[in-house]
Amino acid sequence: MRIKTTILFSLVVSLCMASLGIAAEGAAVQEDGKSVAFNRAKGNCLACHAIPSDPKAESPGNIGPPLMSMKARYPDRAKLRAKIWDATATNSDSVMPPFGRNKILTEQEVDLVTDYIQGL
Amino acid sequence: MKRKLVYIIMAGLLLGCAHMGTSHIKPEEDRSAMINLYKQIFPNIKFEDYIYGALAMNPDARSQYDDIMAFPPYSMDLDKGKKMWETPFKNGKKFSSCFPDGGKNVAGNYPAFDNAANRVVTFENAINACLKANGEAELKYGEKEMGLLTAYARSLSDGMKVNVKVEGSGALAAYEKGKKYYAARNGQLNFSCRSCHVQGSGKFIRMDQLSMMIGQASHWPEFRGGTDIVTLQGRFKQCEKNVRAKPKAANSEEYNNLEYYLTYMSNGLPMQTPVFRK
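Residues numbered from 1 in each chain as written. Chains lettered and ligands numbered in written order. Predicted model: local features only at pLDDT ≥ 70, side-chain atom pairs only at ≥ 80, totals over all residues. Heavy atoms only, no water.

**Re unusual backbone geometry**
Consideration 1: With an omega of -5°, the peptide bond running from Tyr 110 of chain B to Pro 111 of chain B counts as cis.
Consideration 2: On the secondary structure map, Pro 111 of chain B appears in the loop between helix H4 (75–86) and strand E1 (112–114).
Consideration 3: The peptide bond linking Trp 220 of chain B to Pro 221 of chain B adopts the cis configuration, its omega dihedral lying at -5°.
Consideration 4: For Ser 69 of chain A, which is not glycine, the phi dihedral falls at a positive 45°.
Consideration 5: Tracing the sequence through the fold places Ser 69 of chain A in the loop between helix H1 (2–38) and helix H2 (70–73).
Consideration 6: Ser 69 of chain A gets classed as partly exposed once you look at its relative accessible area, which sits at 40%. (Helix = DSSP H or I, 4+ residues; strand = E, 2+ residues; numbered from the N terminus. Buried < 20%, exposed > 50% of the residue type's maximum accessible area, 1.4 Å probe, protein only.)

Here is the structure:
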C-alpha cells in the first residue's frame, strides 16, 4: 500500500513537472518568436506592420497590414508560415522580404515567428 | 520626279518613325504615368512640391525645414566649395571657363548623353573633364571634395528647371538600363527602388515616411543632419546597404544610368542645391 502511494505520488510529481516543463517551454516559444519578430537584425516586422495588441510594439511602419486576429484570418498554420517564408510566392509584387527563401531567418526562427504571429 | 517625291516622303516617314521610337515619346510616357500615379496617392500635394519629398507630406516637418533653410548650418561648407570653384587653375583659367554662361543654369542639363562616347555624362564627369582639359588632377567620385565643389557649382543653377534629354538610340538604351535597375529586386531583403519609392511612397517604414521618386534628383548634394554631405549616388549606396544589397561604386555605369533615369523623371522641377535633410 505504502509502496503504491509512493509510486503514485512520484508519478503525479513527475507528470506535474513534465507539464510544468511544457508550459515553460510554451512561454519561451512565445518570447523567442516575439524577439525574432521585433529584432531589427532579424524579422524587423515592426518596420512595416503594427501589432496593435502589444503595447511594446512601438513606432511601427504601415507598409503592411496590422497583424491582428491572425487565428481567425489564418486558421491554417501552414499558410501563415508560407506567407512569412516567401510572400512573393502568392503575390509576386509583394514588398515583404522572403524571410525563409532568402535565409534572413532560419527554419526554426520562421517557426517561432509563425507561432508568435498566429497567437496575435 | 513623282517617284523622287515618294522616296523623299517615305524617307521622311521612316526618319519620323525612328525618331518617335527612340526619343521623347517613351520616357515622356513613363514620366507622365508616374506623375499620374502620385497624383492619386497624394491628391493634395502640388507637383512643384515633389522636390521636398517626404517633407511635402508632413506640414510640421516642412515648416521646421523652412526655418533651418533660412540659416543653413552648412553655409561654411558651401563657402569651401565656392573657393574651390573660384580658385584659378595653374594655367590661370577657372571652372567657369568650361561651361556656357560661366556655369550658370547649366547643371539642370545633366546627366547628358554623349553620343560619341556612347555613355551618360554626369555633372561630376563634366567637372572632371574640365580639370583634365586644364591639366589638373581629377577629383575622386563620391568623395567630400567633389561633393563640396558640386554643391556650390550646382547652386549656380538654383531655380533652373531640370531638363534632361533622352534623344537617340544610345541615350534611350542608357535610360532603359537605368529604369530596369530601378525596378530590379536586389539584396537579401529583396527590395527594388520601386518597392519603397513607388509602391511604398507616402507610407512609413518605421518612423521614415517614403518620398516619391519624382523630385528626388533636383537638390544634390544634400547635407544630412546639417553638415554631413551626401551626393545623389552616395544616397543610392545608403539605400542599397539598407536592403543588404552590395552597393555599386560611385560613377559606375550602373549608377550613372540610374541617375540619368531618375533625374529625367524630375524634369520640369526647379533645382535647389544644397538642401538640408535630417
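Next comes the rest of the write-up.
**Some details on the confidence of the model for chain B**
Consideration 1: Averaged over every residue, the pLDDT of chain B is 92; the share at 70 or more is 91%.
Consideration 2: Every residue in residues 11–23 of chain B scores below 50 in pLDDT, and together they form ten contacts with partners more than four places removed in sequence or on other chains. (pLDDT = per-residue confidence, 0-100. Contact = heavy atoms within 4.5 Å.)

**Side note on the domain arrangement of chain B**
Residues and elements named next belong to chain B.
Consideration 1: Domain annotation for chain B reports domain 1 (2–71 + 168–277) and domain 2 (75–155).
Consideration 2: The interface is formed by 19 residues belonging to domain 1 together with 22 residues belonging to domain 2.
Consideration 3: Summed over both partners, the interface of domain 1 with domain 2 buries about 1,600 Å², with 71% contributed by carbon and sulfur atoms.
Consideration 4: Counting across the interface, domain 1 meets domain 2 through zero salt bridges.
Consideration 5: Linking domain 1 with domain 2 are two residue pairs in polar contact (both at pLDDT 80 or more), by the criterion used here.
Consideration 6: Residue assignment for the side of domain 1 that touches domain 2 shows that the elements contributing at least two residues are helix H7 (169–183) and helix H10 (253–264).
Consideration 7: With five residues, the single largest contributor to the side of domain 1 that touches domain 2 is H10.
Consideration 8: Here the residues of the side of domain 1 that touches domain 2 are counted per class, giving ten nonpolar, eight polar and one charged. (Domains from an automatic or database assignment. Buried area = accessible area lost by both parts, 1.4 Å probe. Salt bridge = Lys/Arg side-chain N within 4 Å of Asp/Glu carboxyl O. Polar contact = N/O pair within 3.5 Å; in protein donor to acceptor, adjacent residues only side chain to side chain. Nonpolar A, V, L, I, M, F, W, Y, C, P; charged D, E, K, R; others polar.)

**Considering the interface of chain A and chain B**
Consideration 1: Each partner contributes residues to the interface: chain A has 23 residues there, and chain B has 16 residues.
Consideration 2: Along the contact surface separating chain A from chain B lie one salt bridge.
Consideration 3: Where chain A packs against chain B, one counts nine residue pairs in polar contact (both at pLDDT 80 or more).
Consideration 4: The residue inventory of the side of chain A that touches chain B, partitioned by class, reads ten nonpolar, eight polar and five charged.

**Quick notes on the side chain of Glu 240 of chain B**
Residue and element names in this part refer to chain B.
Consideration 1: If you trace the backbone, Glu 240 turns up in helix H9 (residues 232–242).
Consideration 2: Here Glu 240 sits buried without a salt bridge, and the closest side chain of opposite charge, Lys 248, lies 4.8 Å off (N-O distance).
Consideration 3: There is a polar contact of 2.8 Å between the side chain of Glu 240 and the side chain of Tyr 181.
Consideration 4: Within the local environment of Glu 240, its side chain forms a polar contact with the side chain of Tyr 255, the two groups lying 2.4 Å apart.
Consideration 5: The contact partners of Glu 240, leaving out residues within four places of it in the chain, are Tyr 181, Asn 186, Ala 245, Lys 246, Pro 247, Lys 248 and Tyr 255. (Lys, Arg positive; Asp, Glu negative; His and termini not counted.)

**Remarks on the pattern of salt bridges**
Residues and elements named next belong to chain B.
Consideration 1: Per the counting criterion, the structure on display carries 18 salt bridges over all chains.
Consideration 2: In this structure, Asp 30 and Lys 179 form a salt bridge, with 3.2 Å as the shortest nitrogen-oxygen distance. You can see Asp 30 sitting in helix H2 (residues 25–41) and its partner Lys 179 sitting in helix H7, a full 149 residues away along the chain.
Consideration 3: On the basis of relative accessibility, which here comes to 26%, the residue Lys 179 falls in the partly exposed class.
Consideration 4: Between Lys 90 and Glu 136 there is a salt bridge, and its shortest N-O distance comes to 3.6 Å.

**Concerning the nonpolar core**
Consideration 1: Formed by 69 residues in total, the largest nonpolar core has its most connected members in Tyr 38, Ile 127, Met 213 and Tyr 260 of chain B.
Consideration 2: Sequence-distant contacts of Tyr 38 of chain B, defined by excluding residues within four places in its chain, comprise Tyr 50, His 197, Val 198, Ser 201, Met 212, Met 213 and Ile 214 of chain B.
Consideration 3: If you look at the next biggest cluster of nonpolar residues, it comprises 31 residues, including Cys 45, Ile 104 and Val 113 of chain A together with Leu 210 of chain B. (Core = buried A, V, L, I, M, F, W, Y, C linked by side-chain atoms within 4.5 Å.)

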